[in-house]
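In case you want the letters, here they are:
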Amino acid sequence: MTLRRQVQFWLISLAVFCAFLYVFSGVLLPFVAGMAVAYLLDPVCDRLESLGMGRMWATLTILLAFILILVLFFILLLPVLGNQLALFLENFPDLVRRLQSLLSEYFPANLATMAGLSPEDLQASMSNLIGQGAAFVGKLAQSIWSGGQALLSILSLFVITPVVAFYLLLDWDHMVERIDSWLPRDHLGEIRGLAKEMDSAVAGFVRGQVSVCVILGCFYAVSLALVGLNFGLLIGMGAGLISFIPFVGAGLGFIVSFGVALVQFWPEWPWILVVGAVFAVGQFLEGNVLQPKLVGDSTGLHPVTLMFALFAFGYLFGFVGMLVAVPAAAMIGVLARFGLKQYLASPVYKGTGRSSSAMEE
């Protein structure tokens with residue numbers, strides 16, 4: 001009976017948490033972002049405390065440095081990205097038409113022969129594919145923007161988040177101690193072990209993945225800009241920042257940049273190949289250097305599981321759900337492994353030997 005009540009308690013708590021997240025998802029982003037910032041910066045604050053700085057001054061120093069970096073980003077880089085985004089959206093229909101015309105002019109005969117299609121059918125299929133891709137990008141941008149509108153305003157993200165982060169970072173250790181004092185005493189060791197494993201998984205992935213995204217974004221942006229690709233800075237930064245979704249960031253960035261390169265550089269093939277080489281090098285660095293060194297296998301989640309978590313949480317809870325998808329998936333993964341371990345050690349899996357005895361008789 002006690003076990004049943006415990007299971008009921010945790011299931012009810014989970015249901016209440018999901019309901020809270022669903023109802024208030026429109027206003028949670030500044031608070032979730034502030035919590036994420038505090039969680040990411042807490043080890044730095046602890047390091048400064050170990051060097052003799054007080055918690056208050058360590059918190060102020062870290063947050064001021066963090067805000068300064070953001071301000072420099074918005075002053076120096078955001079206007080350039082904004083101008084490129086405006087130009088890209090303005091020229092996007094023309095780019096699609098020119099790309100379609102280019103592919104229809106140079107490639108249909110051979111491709112149609114290989115695929116067993118007529119040039120007219122291939123051109124119609126290409127038009128439908130490009131149109132569907134453009135519609136998907138438009139809907140994605142609209143959904144992201146509508147999610148942002150639900151925050152009350154974009155300004156609230158930059159006003160509320162630093163305040164939330166300051167107070168959480170200042171009281172982080174006390175909050176952890178208080179929550180620890182609420183844990184059931186009979187299962188204190190198991191819960192602490194699970195919490196430690198969750199913290200290791202989430203911290204290792206989030207901090208490592210943020211570093212990977214920033215490094216890849218800078219690499220793609222600088223490389224494409226040096227090649228001279230139109231909108232290279234925007235495409236490179238976008239591809240890097242969404243690299244936390246396995247294969248999606250590099251794949252989408254490659255498709256967009258390759259299409260722009262075809263329109264811009266054709267028939268100068270070497271420059272088009274250089275654009276492809278940039279993403280090939282980026283994928284090599286990500287898979288063989290950045291991911292193993294900075295992230296590793298910290299979540300224990302398969303890339304397909306990670307993508308499912310992002311889409312599922314995003315569908316259920318909007319943009320806030322996408323922010324909490326990876327930590328939540330990592331925690332669920334830890335609980336699932338713990339449950340599997342308990343099952344493999346239980347009589348349900350091992351059996352009692354009665355069936356074997358009965359068979360022998």
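If you tally the helices and strands in the protein chain, you get 14 helices and zero strands. Secondary structure elements of the protein chain, listed N to C terminal, follow the sequence α-α-α-α-α-α-α-α-α-α-α-α-α-α. Scored against the burial criterion, the 361 residues of the protein chain give a buried share of 33%. Surface exposure of the protein chain reaches about 22,600 Å², of which carbon and sulfur atoms provide 71%.

What follows deals with a nonpolar patch on the surface. Residues F66, I67, L68, L70, V71, L72, I75 and L76 make up a contiguous nonpolar surface patch of roughly 680 Å² in combined accessible area. Looking at the secondary structure, you find L72 in helix α3 (residues 55-106).

What follows covers the confidence of the model for the protein chain. Summing up the model confidence of the protein chain, the mean pLDDT is 75 and the portion of residues at 70 or higher is 77%. Here helix α14 (residues 354-360) stands out as the element of the protein chain with the lowest mean pLDDT, 49, in contrast to helix α9 (residues 232-241), whose mean of 84 is the highest. Low confidence marks residues 147-153, where pLDDT is under 50. Its contacts with residues over four positions away, or in another chain, come to eight contacts.

Where helix α8 (residues 188-227) contacts α9, the axes come no closer than 7 Å and their chain directions differ by 160°. As judged from the angle between their axes, α8 and α9 are roughly antiparallel. The crossing of α8 and α9 is right-handed. Contact residues: C213, L216, G217, C218, Y220, A221 and L224 in α8; G232, L233, I235, G236, M237, A239, G240 and L241 in α9. Looking at side-chain class alone, the contact of α8 with α9 contains 11 nonpolar, four polar and no charged residues.

With that out of the way, let us pick up the environment of L229. Along the chain, L229 falls in the loop between α8 and α9. Sequence separation of L229 and Q264 is 35 residues, and the distance between their C-alpha atoms is 7.6 Å. Excluding its chain neighbours within four sequence positions, the residues that come into contact with L229 are L224, I235, S257, V260, A261, Q264, F265 and V275.

What the rule picks out here adds up to six salt bridges. Here D46 and R55 are joined by a salt bridge, their closest N and O atoms 2.8 Å apart. The class for D46 is partly exposed, based on a relative accessible area of 30%. When the shortest N-O distance is used, the salt bridge between E197 and R337 registers 3.8 Å. Within this pair, whereas E197 is found in helix α8, its partner R337 is found in helix α12 (residues 303-344), the two being separated by 140 residues in sequence. Connected through salt bridges with shared partners, the residues D42, D46, E49, R55 and D173 form a single ionic network.

Bringing the nonpolar core into the picture now. Ranked by size, the top nonpolar core spans 39 residues in total, and within it L41, L63, L169 and F313 carry the most contacts. Those elements that provide at least two residues to this core are α2 (29-50), α3, α6 (154-170), α8 and α12. Looking at this core element by element, the count peaks at 12 residues for α12. Not counting chain neighbours up to four residues away, the residues in contact with L169 comprise A38, L41, D42, C45, R55, T59 and L63. Counting residues in each nonpolar core, the second largest holds 26 residues, with L99, L102, V212 and F265 among its members.

So, about unusual backbone geometry. Of note, the phi angle at F231 is positive, near 60°, even though the residue is not glycine. Take F231: it is sitting in the loop between α8 and α9.

Moving on, we get to the packing of aromatic side chains. The tally for this structure, following the rule as stated, stands at six aromatic pairs. A centroid spacing of 5.3 Å and a plane angle of 75° characterise the contact between F166 and Y167, whose relative ring orientation is edge-to-face. An angle of 55° between the planes, with centres 5.7 Å apart, marks the rings of F219 and Y220 as tilted. F219 gets classed as partly exposed once you look at its relative accessible area, which sits at 25%. Overall, Y220 belongs to the buried group, its relative accessible area being 0%. Taken together through their ring pairs, the aromatic side chains of F219, Y220, F254, F258 and F279 make up a single cluster.

Take helix α10 (residues 248-265) next. Here α10 is 18 residues long and its end C-alpha atoms lie 25 Å apart, about the 26 Å a rise of 1.5 Å per residue gives. Those residues of α10 lying buried are G249, A250, G253, S257, G259, V260, A261, L262, V263 and F265.

Scoring rules and cut-offs
- Residues numbered from 1 in each chain as written.
- Predicted model: local features only at pLDDT ≥ 70, side-chain atom pairs only at ≥ 80, totals over all residues.
- Heavy atoms only, no water.
- Helix = DSSP H or I, 4+ residues; strand = E, 2+ residues; numbered from the N terminus.
- Buried < 20%, exposed > 50% of the residue type's maximum accessible area, 1.4 Å probe, protein only.
- Areas by Shrake-Rupley, 256 points an atom, 1.4 Å probe, with all protein chains shown as cover.
- Patch = residues over 30% accessible without salt bridge, like charges linked within 9 Å, V, L, I, M, F, W, Y side chains within 5 Å.
- Salt bridge = Lys/Arg side-chain N within 4 Å of Asp/Glu carboxyl O.
- pLDDT = per-residue confidence, 0-100.
- Contact = heavy atoms within 4.5 Å.
- Axes fitted to C-alpha atoms, helices over the stretch in contact; angles between N-to-C directions.
- Parallel < 35°, antiparallel > 145°, perpendicular 65-115°, else oblique.
- Left-handed = near helix turned anticlockwise from the far one by under 90°.
- Nonpolar A, V, L, I, M, F, W, Y, C, P; charged D, E, K, R; others polar.
- Core = buried A, V, L, I, M, F, W, Y, C linked by side-chain atoms within 4.5 Å.
- Phe/Tyr/Trp six-rings, centres within 6.5 Å; stacked < 30°, edge-to-face > 60°.
- Expected span 1.5 Å × (residues − 1).

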